[in-house]
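Residue-level structural notes
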Amino acid sequence: MEFKIGLIRGDGIGPEIAEEARKVLDAVCRKYGHTFNYSELLLGGASIDVHGIPLTDETIEEARTCDAVLMGSIGGDAATSPWYKLEPSKRPEAGLLKIRKELGLFANLRPAYLYNELKGACPIKDSLIPDGFDMIIVRELTGGLYFGDRKTYDDNGVMTAVDTLKYNENEIRRIARRAFEIAMKRRKKVTSVDKANVLDSSRLWRKITAEVAADFPEVTLENMLVDNCAMQLVRNPAQFDVILTENMFGDILSDEASMVTGSIGMLSSASLNETKFGLYEPSHGSAPDIAGMSLANPIATILSAAMMLRYSLDLDREADDIEEAVKKVLAEGYRTQDIMAEGMKLTNTVEMGNLIAAEI
Ligand code: IPM
Ligand code: MG
């Protein structure tokens with residue numbers, strides 16, 4: 001089959017990890033006789049360097065013509081990079097938020113599970129997770145604090161800043177529905193995470209989520225406060241199947257969940273709209289401190305490419321192949337430095353990509 005894939009290499013380690021994901025996709029194409037035509041898209045710092053802004057309208061239009069978009073990572077070191085001398089709306093992250101909003105990518109799926117092979121890298125005691133864990137965080141991605149009104153102003157001589165956390169019932173309903181649909185294909189449990197003891201937006205979130213739950217009688221709905229959830233993730237991560245939450249809470253909890261799997265370098269993500277289209281990116285950032293050194297773990301991006309095959313292109317067998325290849329390479333003892341352990345074989349970004357591609 002033939003598909004058009006937008007490829008955002010991005011900044012920092014982005015170009016290195018995107019290249020390895022592409023290498024693995026090339027191997028998939030060779031094996032199954034598919035053709036992927038890549039359209040290179042500029043986002044973040046890479047776009048600022050060329051166009052002065054982190055995302056152009058032309059790039060958005062080009063992305064719309066693709067079947068899916070695969071991305072490395074964007075952003076630089078805020079302390080040293082000239083990109084951060086620009087006003088906030090022109091910085092790299094603003095481009096990422098804009099593409100999410102423009103393409104309506106409201107559903108961010110971040111699966112976090114423990115590979116048997118990486119049990120040693122998991123900071124939680126073995127006795128607490130005898131059977132590992134396997135959860136997926138469903139994060140609302142186009143609302144809440146990230147997109148509410150904000151301003152910084154002088155309030156009678158006192159510098160003041162305000163951000164707004166706003167959700168309407170439709171935004172909550174569509175993401176809740178997505179979470180329940182996903183739960184139906186898994187262990188049929190949704191944990192909706194909020195701060196309903198304080199926030200109005202959370203109280204509405206709870207009400208609408210309960211309404212959606214009524215349409216899914218087989219799924220158990222549990223409500224959990226976000227501070228408790230942060231604690232439960234390191235106390236007993238195996239209790240979670242699907243975690244449903246708003247944008248900001250999901251940002252924070254997904255980093256926490258990834259560390260519990262051993263490394264943030266392992267966590268893939270898919271950002272979907274109402275159609276089959278999606279943007280696929282690792283959950284981690286651009287790690288400018290190790291950029292260009294072939295130290296980055298490309299697995300999160302490679303697993304994001306697998307999610308792309310599954311969710312946007314309906315290539316399930318091919319996605320299985322990538323996930324199996326990652327498992328095999330880990331089982332053979334190969335590790336990048338972030339997941340390195342005694343007795344294992346240390347590899348770099350390129351070698352890890354080569355090994356996984358060779359397993360396809
Ligand atoms: C993520 C990132 C982004 C976010 C940043 C880069 C704006 O942390 O995808 O989790 O906060 O959504
Ligand atoms: Mg984040």
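In this text the structure is predicted, and so the values were computed from the model without any measurement.

Another point: the site of ligand 1. Close to ligand 1 lie Glu93, Arg100, Arg110, Arg139, Tyr146 and Asp251. One of the side-chain N or O atoms of Arg110 is found 2.8 Å from an oxygen atom in ligand 1. Within the contact set of ligand 1, an oxygen atom lies 2.8 Å away from a side-chain nitrogen or oxygen of Arg139. For ligand 1, whose accessible area on its own is 320 Å², the fraction buried by protein is 77%. Residues belonging to the shell around ligand 1 are distributed by class as follows: one nonpolar, no polar and five charged.

Bringing a nonpolar patch on the surface into the picture now. A contiguous nonpolar surface patch, about 250 Å² in accessible area, is contributed by Met340, Met344 and Leu346. Following the sequence through the fold, Met340 ends up in the loop between strand 13 (334-335) and strand 14 (345-346). By relative accessible area, Met340 is classed as partly exposed at 34%.

An order of 2-1-3-12-11-4-5-10-8-9 is seen for the 10 strands of this open sheet, with the pairing classed as mixed. A single partner strand is all that each edge strand has here, and the edge strands are strand 2 (35-40) and strand 9 (220-225). Shown here is a sheet whose adjacent strand axes are inclined to one another by a mean of 25°, direction ignored.

Glancing now at the nonpolar core. Of all hydrophobic cores here, the largest spans 62 residues; its most connected members are Leu25, Phe36, Leu70, Leu309, Ile322 and Ile356. The dominant element in this core, judged by the number of residues it contributes, is helix 9 (residues 299-311), at eight residues. Viewed by domain, this core spans two of them, domain 1 (1-109 + 267-360) and domain 2 (123-260), each represented by three or more residues. The contacts of Ile356, once residues within four sequence positions are left out, are Val24, Ile299, Ile302, Ala325, Val326 and Val329. Phe133, Met224, Phe240 and Phe249 belong to the second largest nonpolar core, which has 20 residues in total.

The next point concerns helix 11 (residues 349-359). Those residues of helix 11 that sit buried are Thr349, Met352, Gly353, Ile356 and Ala357. Projected down its long axis, helix 11 carries its buried residues within an arc of 130°, all on one side. Where helix 11 is buried, its residues meet helix 1 (14-32), helix 9, helix 10 (316-331) and strand 13.

What follows concerns the pattern of salt bridges. One pass over the structure, following the stated rule, counts 31 salt bridges. Between Arg186 and Asp134 there is a salt bridge, and its shortest N-O distance comes to 3.3 Å. Taken together, the residues span a long stretch of sequence, with Arg186 in the loop between helix 5 (169-184) and strand 8 (189-194) and Asp134 in strand 5 (residues 134-140) at a distance of 52 residues. Take Arg186: its relative accessible area is 25%, and that puts it in the partly exposed class. Among the residues examined, Asp134 registers a relative accessible area of 31% and is labelled partly exposed. As a salt-bridge pair, Glu211 and Arg173 come within 3.5 Å of each other at their nearest N and O atoms.

Here we come to the domain arrangement of the protein chain. Assigned domains of the protein chain: these are domain 1 (1-109 + 267-360) and domain 2 (123-260). For domain 1 and domain 2, the distance between their C-alpha centroids amounts to 24 Å. Across the boundary between the two partners, domain 1 contributes 15 residues, which contact 16 residues of domain 2. Buried surface at the junction of domain 1 and domain 2, both sides included, amounts to about 1,400 Å², of which 63% is carbon and sulfur.

In total, this model carries four aromatic pairs according to the counting rule given. With 5.4 Å between their ring centres and 70° between their planes, Tyr167 and Trp205 make a pair best called edge-to-face. Pair noted here: Tyr167 is in the loop between strand 7 (158-163) and helix 5 and Trp205 is in helix 6 (residues 200-213), with a separation of 38 residues, a long-range link. Here the two residues Tyr167 and Trp205 agree in accessibility, since each one is buried.

Another point: the packing of helix 1 against helix 9. Orientation of helix 1 relative to helix 9, taken along the N-to-C sense of each, is 45°, at an axis distance of 8 Å. Relative to helix 9, the element helix 1 is oriented oblique. Between helix 1 and helix 9 the crossing geometry is right-handed. When helix 1 is examined against helix 9, the residues Ile17, Ala18, Glu20, Ala21, Val24, Leu25 and Val28 are found in contact with a partner set consisting of Thr301, Ile302, Ala305, Met308 and Leu309. Residues belonging to the contact of helix 1 with helix 9 are distributed by class as follows: 10 nonpolar, one polar and one charged.

Each value, and the rule that gives it
- Residues numbered from 1 in each chain as written.
- Chains lettered and ligands numbered in written order.
- Predicted model: local features only at pLDDT ≥ 70, side-chain atom pairs only at ≥ 80, totals over all residues.
- Heavy atoms only, no water.
- Near = heavy atom within 4 Å.
- Polar contact = N/O pair within 3.5 Å; in protein donor to acceptor, adjacent residues only side chain to side chain.
- Areas by Shrake-Rupley, 256 points an atom, 1.4 Å probe, with all protein chains shown as cover.
- Nonpolar A, V, L, I, M, F, W, Y, C, P; charged D, E, K, R; others polar.
- Patch = residues over 30% accessible without salt bridge, like charges linked within 9 Å, V, L, I, M, F, W, Y side chains within 5 Å.
- Salt bridge = Lys/Arg side-chain N within 4 Å of Asp/Glu carboxyl O.
- Helix = DSSP H or I, 4+ residues; strand = E, 2+ residues; numbered from the N terminus.
- Buried < 20%, exposed > 50% of the residue type's maximum accessible area, 1.4 Å probe, protein only.
- Pairing = 2+ DSSP bridges.
- Axes fitted to C-alpha atoms, helices over the stretch in contact; angles between N-to-C directions.
- Core = buried A, V, L, I, M, F, W, Y, C linked by side-chain atoms within 4.5 Å.
- Domains from an automatic or database assignment.
- Contact = heavy atoms within 4.5 Å.
- Arc of directions from axis to C-beta.
- Buried area = accessible area lost by both parts, 1.4 Å probe.
- Phe/Tyr/Trp six-rings, centres within 6.5 Å; stacked < 30°, edge-to-face > 60°.
- Parallel < 35°, antiparallel > 145°, perpendicular 65-115°, else oblique.
- Left-handed = near helix turned anticlockwise from the far one by under 90°.

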